[in-house]
Amino acid sequence: MAKIIWGVDPLAISRLHEPAGECPLTAAELARLSIPARKRERVRQELTRLAADFDKPTLEKLAVQIARRLW
């Protein structure tokens, strides 16, 4: 049981009650990063979830990595 509790990100759990907010990158910015249109919505969802932890240049790098891992 302790493995499960310590394996969960406490910051993510603490933000569950907060509204998701907006994605810091627009669809046009994601297109500029060469992310295909079919992947943009899912990438924006992930970036919205991560926006509180990272600055914009880091989020741009993460967007490219997320898009590579999506089918």
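Residues numbered from 1 in each chain as written. Predicted model: local features only at pLDDT ≥ 70, side-chain atom pairs only at ≥ 80, totals over all residues. Heavy atoms only, no water.

## Structural notes on helix 4 (residues 37-50)
Given 3.6 residues to a turn, an α-helix orients residues that are three or four positions apart in the same direction. In this model, helix 4 (14 residues) spans 20 Å end to end at C-alpha, consistent with the 20 Å of a helix rising 1.5 Å per residue. The set of residues buried in helix 4 consists of Lys 39, Val 43, Glu 46, Leu 47, Thr 48 and Leu 50. Summarising the contacts, the buried residues of helix 4 are in contact with helix 3 (27-32) and helix 5 (56-69). (Helix = DSSP H or I, 4+ residues; strand = E, 2+ residues; numbered from the N terminus. Expected span 1.5 Å × (residues − 1). Buried < 20%, exposed > 50% of the residue type's maximum accessible area, 1.4 Å probe, protein only. Contact = heavy atoms within 4.5 Å.)

## Quick word on the side chain of Glu 29
Along the chain, Glu 29 turns up in helix 3. On the basis of relative accessibility, which here comes to 18%, the residue Glu 29 falls in the buried class. At 2.9 Å, the side chain of Glu 29 forms a polar contact with the backbone nitrogen of Thr 26. (Polar contact = N/O pair within 3.5 Å; in protein donor to acceptor, adjacent residues only side chain to side chain.)

## Describing the nonpolar core
Within soluble globular proteins, side chains that are nonpolar tend to cluster in buried spots. Formed by Cys 23, Leu 25, Leu 30, Ile 35, Val 43, Leu 47, Leu 50, Leu 59, Leu 62, Ala 63, Ile 66 and Ala 67, the largest nonpolar core amounts to 12 residues. Sorting the residues of this core by element identifies helix 4 and helix 5 as the ones contributing at least two each. For this core, the element with the highest residue contribution is helix 5, accounting for five residues. (Core = buried A, V, L, I, M, F, W, Y, C linked by side-chain atoms within 4.5 Å.)

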